[in-house]
Structure formats: structure tokens, C-alpha cells
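Now for the letters of each chain:
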Amino acid sequence: METVTSSSATEALRITGLSKTFAGQKALDDVSFAVPRGKITALLGMNGSGKSTLIKVLAGVYQPDPGASLLVGGAEVTLPMTPEAAHRQGLRFLHQDVGLVDSLSIADNFAFVDKFRAPGILGPISVRRQHDHVAATLAKFGISAHPSTLVGKLNPTLRTMIGLARAFQDEEEVGTGAFARNVVVLDEPTASLPAHEVDTILTSLEELKANGGTVIYVSHRTEEVKRLADQLVILRDGKLVADEPTGDLSVDDIVTRVVGKKLEKTRIPRPSEREGKVALSAQGLSGPRLREVDFQVRSGEIVGVAGLVGCGRSELIRMLAGAQVPASGVMRMGRQAYTPKSPADAIAAGVACVPQERRREGVVLPMSVKENITLGRLRSFTANGTLRGKRETSGANDLMERFSVKPRDLSRVVGLLSGGNQQKVVVARAAGYGGTVLLLDEPTQGVDALAKQEIANIIRQLASDGLAVVLASTDFEEFVGLCDRVVILDRGRLVATAEGDDINEEHLALLCARTGKAA
Ligand SMILES: Nc1ncnc2c1ncn2[C@@H]1O[C@H](COP(=O)(O)OP(=O)(O)OP(=O)(O)O)[C@@H](O)[C@H]1O
């Protein structure tokens, strides 16, 4: 039953006394805050602070502990809600993986999410009506794609834009152009997008806000938060620690509030200028997206790989990691031919990889932290054919500590860790193989500012110990201070290299933009 207890034109949502306990652990602890209408409220916090749990309560996926109350547009909503009730209340969600079905068209994806819509709201749902509705929504968002296009054919930025348009598809008060009805929750919508493409999404959100849209925005990218958010709501260990206007706060101020202390920019110095031996090299590497790429990385070196969407970055990593066989070209480990037919071959040859798709390729969700960290190298914990459990546990424990995986519980099922902590498990495992080359594809996606710094320091330490590191990323900030060299790919070709002081965000963006323009 939903009863109106107060009404406020300025308050879209009010949460009071929200707690959520999982097996004795409080993921949310008595959280209360309000979301102003027509504004963007950033929901911030380090990995595992409770953001996703809060979103899942709003989505009707999790039942909160008894005692919480929720007002939507001033009307009290009975908790727990079902997902249908959340939808009826005008709560819309764009989850991190965007949640589109590749094998369906854009129009079908729009219809698919609207499964809760009562029949008849748009009249009998004819294909024609649905197409017109989708075409109009796409046009409103400046998306030049046809409703019948298969979603699987779209690049990541377009997919995110489609997800955004879909989340807002039933927003407009008919004929008014205003977005004043729903509350749209965006969970790290730009996490997997290259920095230079993020602007499209942020500009759209600014326009939506100008038209009265209400957004809850979750992101670890503080620059975006500074640009977009009117209000900051910050969680730490499940508790609300800040609820304040963004005002004149700087990016550093926001990071300090999220982390709970000033983040000192520590850096492990480069070991020496002496060049290590070439650890891994490739000549004339070609594939569906790669054209005649020559590439090498030396022991102790960290080489960045940058480029626009579709430049071949991930394909290069996959070939080096044995996940994709090159159409032509030669690879070598030192002087030896290197022809991996699978990631297992690559690991056996000393090449470990952190793949981009964490949930699909990186972790085995139903398995424990210990099993995930030690996956693929049980042999190193085996003596005389017997698995030495103690050795396995202490090896996994060391890595868990070193990568600050939280909670510090080796038996915890990885699927129940927060996203950022799952990512740390994948990096910990790859580092634990102890090979000679480490390939990292977007290693800090969805990772908070503190953990990002910790991971960067560990990568630098591993390089100092002699590991050759290849780092593919869309986040140019990640290259700065970490990479010795950054190569730029453009439509499959290696077209530029930046070294020394040229490894700065502006110059890298310029190099990428230049290659893009030449298209
Ligand atoms: N279904 C679950 N069962 C047990 N514990 C859970 C479950 N879901 C979340 N947790 C725990 O609750 C805490 C909060 O997790 P949550 O996913 O909400 O964090 P988050 O702020 O979204 O983190 P991230 O930024 O890494 O995505 C974590 O300690 C997590 O391990």
C-alpha cells in the first residue's frame, strides 16, 4: 500500500534508517538522505562501501532490514518493494553492464525493459508504434542509429547512450519536453568508456538535468562527479559520512571525503635507467582488427597501449595472452618462438593476463576468493603429487593482503564481493603466477581511488622486480606516472609512441584525437 505522508515538489526521494545485513555483516548501516528533484546526486564510496546494495534495495532486488522508510515524490512506499513496484514508482536503473541483449534490436531492447508496463499505456503495442517511440527517443538523445539495428553491432559508447535513452524512455511529460517524473539511477555508466568518449554521455546528462531530470549517479571517476553532481552522498563501510552540496569542492576534496584521508601521491621510483632484456616481442602481428603491428616490452618496463574505440587494443592483448591466434605475424619470448594456442599455454610460457571482461572472463563467481586467486597454479602448491593446503592458503592470503581485497575472508564467494574487490582478485591472481610478462586490460575499471593507487604501486613494484608489463587502458590518467612508454593504435596500426614528459593526459588525448581525425 502506498500512502502520501508528505509532498514535496523539490524532493524526489527520501531514504530514512536504511540498513541491510548479510550474514551478520552490515552492508548498510542506518543510512538516511534525500535526493533533490531536477538535480544530479552523486552516490560515492570506496569499493564495498554499500553503493550497489543501496541501489539494489531501491530496485526491489534486496529486502532491507526492518525499520527503513522510503518516500518517493513525498509518497511513502511500503518496503520491501518488488521490482515491479520500484518500476511503478518511477525508479529506473542503468546498471554497469548496461544490460542490453546483443541478439536483439534496439527497439526490442527498449520493449524488453518495459516489461512492467501495463498493457494499453501506449495503446496496443504494435511494432510500428514501438519503432516510432524508439526512433523519437533516439532522436531526442542525438543517437544516429536505426531502431532495427542489432545491439551487438554497436560500440560501447553507443551502447551506453542506448541504455541511457532506454532508462529515460518513458520520462517525458507528454508534449512538455520536461523530464520531471522518474528517478534514474546510473551505476558507473562511463566505467568502460574511453576518456574522450565520455563527454558525449556527460553532455547528455547535463541536458537531461536542464530539462528537469533527477539522477543518482554512481562513479569512481571524481572528475565526472565534480562536473555533474549538485549533491554528494558518501558512504563508508555502509555508513553515511557526508551529504552535502558539491559547491566549490575540488576533485581532491571529493577524493579526500570518499577515502577518509588525504590521498598522498606516493610513487615507487623506477629502479634504474638500465634497459632490461626484451621479454616479449611481436612482428607483423595481424588479425581482424590488427594490421602489421610491431611491438615489444622489456623486463622492468611498463608499456601503455592507448587508442580510440576499435583501435585493436584489446585484440593485441588477446593475441599476446594466447586468447586469440594471430592471422599472421611472429611472437617471441626472449629469443624463443612464442605460439600460444590458449591462455593456459601463455601462462605456462610465463605470460599472465588480466582480461577486460571481469565478470565474463576474469572471475569464477561461485568460487571462493582463495580458489579464484590460486586458479590455474595449483601445481605450485603441490608436492609429490599432493596438494599442500597450507601452502595454498598462505599464498592466497599474501596476495589478498597485498591487494587489500575486502573483506579479508578467503572463503568468501567472489560473486558476493563488491565489483572493485572482484577486480582486485583478478589482478592478484595474475600477479601471483610469477611469470615474466603481465598483460593488463583495464585493470582498475570500477576500482576506487585508493585501491587504484595501491594497484598502480603494486604494478610499479612488480616491474621493479623485473616483470615486463603491458597496460591497455582507456583511462589516460592511469598511464601518467606509471608507464615508461605508451604506444598509440589507430585502426589496427601502431601509429605513435609517447615517452618521458609526453606521457601526460593532454598529449595522449591529442595523439588519439589526431589519429581519429585521419579516419
Ligand atoms: N549478496 C551478498 N551477500 C553477502 N555480502 C554481500 C552481498 N552483496 C554485497 N555484499 C557485501 O556488502 C558490502 C557492500 O557491497 P557493495 O557491492 O554494496 O559495495 P559497493 O559500494 O557497490 O562497491 P564497488 O564500488 O566495489 O562496486 C561488501 O562487503 C560486499 O562484500
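Rules and cut-offs
- Residues numbered from 1 in each chain as written.
- Predicted model: local features only at pLDDT ≥ 70, side-chain atom pairs only at ≥ 80, totals over all residues.
- Helix = DSSP H or I, 4+ residues; strand = E, 2+ residues; numbered from the N terminus.
- Buried ≥ 20, exposed ≤ 12 C-beta atoms within 10 Å, placed from the backbone.
- Contact = placed C-beta atoms within 7 Å.
- Pairing = 2+ DSSP bridges.
- Axes fitted to C-alpha atoms, helices over the stretch in contact; angles between N-to-C directions.
- Near = placed C-beta within 6 Å.
- Domains from an automatic or database assignment.
- Nonpolar A, V, L, I, M, F, W, Y, C, P; charged D, E, K, R; others polar.

## Focus on the overall build of the protein
So, point 1. Within the protein one finds 17 helices and 23 strands.
So, point 2. Per-residue burial over the protein gives 45% buried out of 519 residues.
So, point 3. Here the analysis covers contacts within the protein between residues at least 6 apart in sequence; of these, 70% occur between residues at least 24 apart.

## With respect to the pairing of strand S3 (residues 25–36)
So, point 1. Examined bridge by bridge, strand S2 (residues 11–22) and S3 share eight bridges and lie antiparallel to one another. Bridge pairing in S3 links Ile 15 to Phe 33.

## Quick notes on the environment of Phe 476
So, point 1. Counting through the fold element by element, Phe 476 comes out in helix H16 (residues 476–479).
So, point 2. Its 22 C-beta neighbours within 10 Å are what place Phe 476 among the buried residues.
So, point 3. Residues Phe 476 and Asn 504, spaced 28 residues apart in sequence, show a C-alpha to C-alpha distance of 7.7 Å.

## So, the sheet that holds strand S20 (residues 437–441)
Strands belonging to one sheet form pairs held by backbone hydrogen bonds; the direction of such a pair is parallel or antiparallel.
So, point 1. If you walk across this open sheet you meet the six strands as S17-S20-S21-S14-S22-S23, and the pairing is mixed. For this open sheet the edge positions go to strand S17 (351–354) and strand S23 (493–499), each flanked by a neighbour on one side alone. Averaged over neighbouring strand pairs, the angle between their axes works out to 20° when direction is ignored.
So, point 2. As paired strands, S20 and strand S21 (residues 468–472) are joined by five bridges and run parallel to one another. Looking across to S21, one finds that Asp 441 is bridged to Ala 472.
So, point 3. The strands touched by helix H9 (residues 313–320) are strand S14 (302–307), S17, S20, S21 and strand S22 (485–490); relative to S21, the strand with the most contacts, the crossing angle is about 150°.

## So, the sheet that holds strand S4 (residues 40–45)
So, point 1. Sheet architecture is open: six strands sit in the order S7-S8-S9-S4-S10-S11, paired in mixed fashion. Two strands bound the open sheet, and with one partner strand each, they are strand S7 (91–94) and strand S11 (239–245). Going from strand to strand, the sheet's axes swing by 20° on average, the running direction of each strand aside.
So, point 2. Packed on one face of the sheet, helix H8 (residues 251–259) meets S4, strand S10 (231–236) and S11 and runs near 30° to S10.

## Examining the site of the ligand
So, point 1. Lining the immediate surroundings of the ligand are 17 residues, of which Ala 27, Asn 47, Ser 52, Ser 418 and Gly 420 lie closest.
So, point 2. Broken down by secondary-structure element, the contributors of at least two residues to the shell around the ligand are helix H1 (51–58) and helix H14 (419–432).
So, point 3. Composition of the shell around the ligand by domain shows at least three residues from each of domain 1 (3–259) and domain 3 (359–433).

## Observations regarding the domain arrangement of the protein
So, point 1. On domain assignment, one finds that the protein holds domain 1 (3–259), domain 2 (264–350 + 434–519) and domain 3 (359–433).
So, point 2. Across the side of domain 1 that touches domain 3, the residue classes break down as no nonpolar, four polar and no charged.

## Observations regarding H9
So, point 1. Most of H9 is tucked away: eight of the eight residues are buried.
So, point 2. Within H9, the full set of buried residues consists of Arg 313, Ser 314, Glu 315, Leu 316, Ile 317, Arg 318, Met 319 and Leu 320.
So, point 3. After H9 finishes, the residue Gly 322 shows a positive phi value of roughly 80°.

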